[in-house]
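# A look at the structure
These are the residues of each chain, in order.
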Amino acid sequence: RWLRQHECVEKLNMHAILSASAGQEQLLTELLVTYAKIPVLIGELISVEIWKHKIFPVLCRLEDFKPRSTFPIYVVLHHEASIINLLETVFFYKEICESAEDSILDLIDYCHRKLTLLAARSANGQTVTPAVLVPLQELQKQAEMMEFEISLKALSVLRFITDQVESLPLSALTRMLNTHNLPCLLVELVEHCPWSCHEAGKLKKFENGAWHVVPPEDQVKMTKLDGQVWLALLNLLLSPECQRKYHFDGFNKSQLLKLRVFLTDVLIDQLPNLVEMQRFLSHLAVTEPAPPKKDLILEQVPVIWDHILKKNAGKWEAIAKHQVKRAFSPTEEELKLQARRWAQTYTLDMMEALAPDKPHCSVCGAEAAKRCSRCRNEWYCTR
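Residues numbered from 1 in each chain as written. Predicted model: local features only at pLDDT ≥ 70, side-chain atom pairs only at ≥ 80, totals over all residues. Heavy atoms only, no water.

## With respect to the packing of aromatic side chains
Inspection of every chain in the model, using the stated rule, returns nine aromatic pairs. Taking 6.1 Å as the distance between ring centres and 65° as the angle between the ring planes, the aromatic pair formed by W51 and F328 counts as edge-to-face. Of this pair, W51 sits in helix 3 (residues 38-54) while F328 sits in the loop between helix 17 (316-326) and helix 18 (332-345), placing them 277 residues apart in sequence. Each ring, one from F148 and one from W211, has its centre 5.9 Å from the other, and the planes form 5°; the classification is stacked. One end of the pair, F148, is in helix 8 (residues 135-162); the other, W211, is in strand 3 (residues 210-213), and 63 residues separate them in sequence. Through pairs of rings, three or more aromatic residues link up here, namely W51, F56 and F328. (Phe/Tyr/Trp six-rings, centres within 6.5 Å; stacked < 30°, edge-to-face > 60°. Helix = DSSP H or I, 4+ residues; strand = E, 2+ residues; numbered from the N terminus.)

## Remarks on the side chain of E88
Position of E88 relative to the elements: it lies in helix 5 (residues 71-90). If sequence neighbours within four positions are ignored, E88 has contacts with K153, S156, V157 and F160. (Contact = heavy atoms within 4.5 Å.)

## A word on the sheet that holds strand 3
Taken in spatial order, the three strands line up as 1-2-3 in an open sheet, and their pairing is antiparallel. For this open sheet the edge positions go to strand 1 (196-199) and strand 3, each flanked by a neighbour on one side alone. Shown here is a sheet whose adjacent strand axes are inclined to one another by a mean of 35°, direction ignored. Bridge count for strand 1 against strand 2 (residues 202-207) is four bridges, and the pairing is antiparallel. Each residue of the ladder has a partner; that of H198, found in strand 2, is L203. (Pairing = 2+ DSSP bridges. Axes fitted to C-alpha atoms, helices over the stretch in contact; angles between N-to-C directions.)

## Observations concerning the packing of helix 3 against helix 5
Packed helix pairs are specified by the crossing angle of their axes together with the interaxial distance, meaning the distance between the axes. The geometry of helix 3 relative to helix 5 is characterised by a closest axis approach of 9 Å and an angle of 145° between their N-to-C directions. Crossing angle aside, the handedness with which helix 3 passes helix 5 is left-handed. In contact with I38, L41, I42, E44, L45, V48, E49, W51 and K52 of helix 3, helix 5 contributes I73, V76, L77, H79, E80, I83, I84, L86, L87 and V90. Its residues placed into classes, the contact of helix 3 with helix 5 shows 14 nonpolar, one polar and four charged. (Left-handed = near helix turned anticlockwise from the far one by under 90°. Nonpolar A, V, L, I, M, F, W, Y, C, P; charged D, E, K, R; others polar.)

Written out as structure tokens, the structure is:
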């Protein structure tokens, strides 16, 4: 049953990407809003996150667990990536954000956890991988790489949430500004930029799912991820409602003023809205903002994470052992059946449509439109 649900999420995700690339995603967003599926997806997202933290490490520690194939476990790990990718595609729309209702608080907490992991990654640096990995160790390494990409998707989702600060519930705003202090966390990301690194004297940046060497002439060019951080900061700091609620104390003020050194003319030319940020920071440097107005309100709190943890407290090892028997030790016949179902989900044409790079001619290297009818691998620009 769960695998069927995952297949549905995968198909929705692929449909959302193709619809967005064709500018026809309106129908999908309307269906997600009409059938109230955004809270369901957020609940599923947090469930898989907890599974990764509580169940997956137990599976890796079980000495008597030697799976014939680690693919069923990989599918669960990949489920989180599929959901966050779907949410990133559709959260651009205001009605999607509003349809999340109370679960928007859980999504904000989720994004905060992922951004904290990003900041910690930039502080700790890259981990060294052993030369030889057993299957479960290899899976752990894949999960670690996937976690980085998921965190970057969560950054985009958070930025789309901040686009709607005017229509968010008061509790959501309080949670972003005061409970989690997201402006200071975003400053940390601007400062350390975890999607950028130096390797063998060359600057590399992470874009479109891979690390790329940046040529010298493009090193000052703003990436999409840089833009997401700056836009989120603009939304959180320049909105009148946010300024009224945020506490500009000594620490927060000193952190925010670190941004001034990054606001160069080259950066502002690429994102002109940052002129307003520059003015705001110049004003902040010479004034003492009034303390936030303390309203007497009943604040909502996120419930999904706490509910799952309380319901399953002390049962994690038992759940892991149960899943080993029922889900992660399939017979050869069950693996073949699942492989056929996945082949139906991921058709060759669908994978090509989702690929970020267009195929190139094997003869001249130009962009190709015709594929060899025999081998189905080589591409040509003409017959």
